[in-house]
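Residue-level structure breakdown
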Amino acid sequence: MPGSERSYGAYLAARDHEGLRRALTSIEAPDARTIRIGDEAYINFASNDYLGLRFHPALLTRAEAWTERYGVGSGASRLVTGNFDLFAGIESKVAALKQKPAALIMASGFQANASVLQALLDRSVLGAEPLVFSDRLNHASIHFGCAASGTRELRYRHCDVTHLDALLHQHRGDARPKFIVTESVFSMDGDVAPLAEIDRLAHEHDTMLIVDDAHATGILGEGGRGLSVEADVVVGTFSKALGSFGAYVTCSATLREYLINRCSGLIYSTALPPPALGAIDAALDLVPSLDAERAHVKDLAERFRLGAKERGFDTGASMTQIVPIIAGGNSAALTLSKRLRGVGYFAMAIRPPTVPAETARLRLAFTAAHTEADVDGLLSALDAPALPRCALG
Ligand SMILES: Cc1ncc(COP(=O)(O)O)c(C=O)c1O
């Protein structure tokens with residue numbers, strides 16, 4: 001056995017010891033509301049399919065039609081022969097939804113953040129190492145993209161514009177190119193970045209604003225357009241409220257051309273396959289008409305937050321469809337998750353390093369497929385662990 005293999009084993013043993021070892025669970029998902037694990041069924045509060053579109057007939061039909069017509073794979077990267085004419089139509093729909101001059105489809109949100117940031121922060125192009133002001137709770141893929149460019153982020157306290165302002169002032173005389181990077185809705189807290197103020201600072205300091213709108217697109221903003229209207233560059237994904245898979249960047253036409261020439265994730269990766277493109281295209285057609293679903297999800301999340309707070313639980317600064325219950329220690333979060341599973345509710349315990357130490361939590365996500373009764377049942381389960389299993393009907 002090579003020495004490296006022993007190191008990996010030791011790493012796993014240490015994770016076990018700290019209660020931080022992760023494992024894959026085999027899941028069956030018969031619909032957008034429930035999952036099955038082994039013989040047990042659960043109401044699923046751990047899905048990002050916020051509009052319940054995964055099983056929508058319009059998405060299924062177009063995915064199937066495009067599969068029959070174009071095949072299950074695209075066969076090559078977009079710069080070779082994978083750039084089917086389907087992309088142009090989808091990109092103009094994305095640009096219209098996000099009110100931006102141009103859009104570029106990428107393979108996944110992680111890949112987009114990792115490789116778009118690497119390209120945008122490239123010092124050989126910019127002429128100097130850029131200054132990147134980054135919310136400290138930004139998604140791992142954002143930190144990854146900054147690291148891939150060799151840039152050390154200047155991390156500001158979560159959603160703290162006073163701290164961001166102070167850092168920008170500290171670097172006022174520095175002529176290097178400046179960037180601010182933030183999520184709009186934070187994936188583990190469900191809170192919203194103060195984007196108008198951040199945008200004002202970006203203008204004041206001649207700084208490019210990059211926003212990851214992954215958890216807002218489709219579910220928040222007018223017509224589901226998300227919350228990132230002011231940003232220079234928006235990255236988002238089709239894997240959450242839009243129900244399927246893939247990602248996008250919206251930006252200026254020049255930046256789109258630059259990314260086609262410099263973004264490794266686009267250049268060196270196979271184009272999204274036709275079934276995914278069909279589902280994306282159908283979801284983009286549907287999203288503007290889903291105001292009733294968006295209002296339903298908002299009401300459910302609010303109902304849960306109120307009920308959870310009444311019961312003494314800490315839901316942090318959540319104001320969206322993502323609601324954490326911050327438990328603190330890892331074992332407290334795991335115990336709560338287990339307790340809910342025992343009565344038929346699936347809620348994932350999220351532990352460090354995904355969230356900061358001592359803030360382990362349940363991350364609950366409400367979707368259009370849930371009912372008020374699901375939320376009330378979940379609330380009762382939080383304070384009455386001895387309840388019988390919920391009825392899924
Ligand atoms: C804020 C944020 N950005 C990007 C991603 C990655 O998106 P995808 O699942 O499409 O790779 C996620 C998903 O976990 C996310 O929460």
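In case you missed it, the structure is sitting above this.
Quick look at the structure, then. (Residues numbered from 1 in each chain as written. Predicted model: local features only at pLDDT ≥ 70, side-chain atom pairs only at ≥ 80, totals over all residues. Heavy atoms only, no water.)

Here we take up unusual backbone geometry. Cis peptide bonds are those with omega within 30 degrees of zero, and the linkage from Pro352 to Pro353 qualifies with 10 degrees. Considering the arrangement of structural elements, one finds Pro353 in the loop between strand S12 (348–350) and strand S13 (360–365). Positive phi is not limited to glycine here, since Asp206 has a value of about 50 degrees. Along the polypeptide, Asp206 turns up in the loop between helix H9 (195–204) and strand S7 (208–212). With a phi angle near 65 degrees, Glu358 is a residue other than glycine that sits in the positive phi range. Within the secondary structure, Glu358 sits in the loop between S12 and S13. On the basis of relative accessible area, Glu358 is assigned to the exposed category, the value being 61%. (Helix = DSSP H or I, 4+ residues; strand = E, 2+ residues; numbered from the N terminus. Buried < 20%, exposed > 50% of the residue type's maximum accessible area, 1.4 Å probe, protein only.)

Counted by the stated rule, this structure contains seven aromatic pairs. Taking 6.1 Å as the distance between ring centres and 70 degrees as the angle between the ring planes, the aromatic pair formed by Tyr42 and Phe346 counts as edge-to-face. Taken together, the residues Tyr42 in strand S2 (residues 40–44) and Phe346 in strand S11 (residues 345–346) connect sequence positions 304 residues apart. You'll find Tyr42 and Phe346 in the same group, each marked buried. Measuring from centroid to centroid gives 5.1 Å for Phe304 and Phe366, while their planes differ by 40 degrees, and the two rings are tilted. With a gap of 62 residues between them, Phe304 in helix H13 (residues 291–310) and Phe366 in the loop between S13 and helix H15 (372–383) connect regions that are remote in the sequence. Residue classification places Phe304 among the buried positions, given a relative accessible area of 0%. Judged by relative accessible area, which is 0%, Phe366 ranks as buried. Joined through ring pairs, the aromatic side chains of Phe45, Phe304, Tyr345 and Phe366 make up one cluster. (Phe/Tyr/Trp six-rings, centres within 6.5 Å; stacked < 30°, edge-to-face > 60°.)

So, about the nonpolar core. Formed by 57 residues in total, the largest nonpolar core has its most connected members in Phe133 and Ile180. Among the elements that make up this core, the one with the highest residue count is helix H12 (residues 274–286) (seven residues). (Core = buried A, V, L, I, M, F, W, Y, C linked by side-chain atoms within 4.5 Å.)

This model, assessed by the stated rule, comprises 24 salt bridges. Arg54 is the salt-bridge partner of Asp49, the closest N and O atoms lying 3.0 Å from each other. Taking the relative accessible area as the measure of exposure, Asp49 reaches 3% and is therefore buried. We classify Arg54 as partly exposed; its relative accessible area is 29%. As a salt-bridge pair, Arg311 and Asp383 come within 2.8 Å of each other at their nearest N and O atoms. (Salt bridge = Lys/Arg side-chain N within 4 Å of Asp/Glu carboxyl O.)

In this section: helix H5 (residues 109–120). When the terminal C-alpha atoms of H5 are compared, their 16 Å separation across twelve residues agrees well with the 16 Å that a helix rising 1.5 Å per residue should span. With ten of twelve residues buried, H5 lies mostly within the body of the structure. Three or more residues of H5 are buried, namely Gly109, Gln111, Ala112, Asn113, Ala114, Ser115, Val116, Leu117, Ala119 and Leu120. (Expected span 1.5 Å × (residues − 1).)

Right, let's talk about the site of the ligand for a bit. Around the ligand, a shell composed of 14 residues is seen, among which Gly109, Asp212, His215, Thr237 and Lys240 lie nearest. Contact distances for the ligand include 2.8 Å between an oxygen atom and a backbone N or O atom of Gly109. Note that an oxygen atom of the ligand is positioned 2.6 Å from one of the side-chain N or O atoms of His215. If you tally residues by element for the shell around the ligand, the top one is H5, at three residues. Tallied by class, the residues present in the shell around the ligand amount to two nonpolar, nine polar and three charged. (Near = heavy atom within 4 Å. Polar contact = N/O pair within 3.5 Å; in protein donor to acceptor, adjacent residues only side chain to side chain. Nonpolar A, V, L, I, M, F, W, Y, C, P; charged D, E, K, R; others polar.)

Right, let's talk about the pairing of S2 for a bit. S2 sits mainly inside the fold: four of its five residues count as buried. Of the pairings in the sheet, the one linking strand S1 (residues 34–37) to S2 comprises four bridges and is antiparallel in character. Bridge pairing links Ile37 to Glu40 in S2. The hairpin turn running from S1 into S2, its antiparallel successor, is two residues long, and Gly38 in that turn takes a positive phi close to 60 degrees. (Pairing = 2+ DSSP bridges.)

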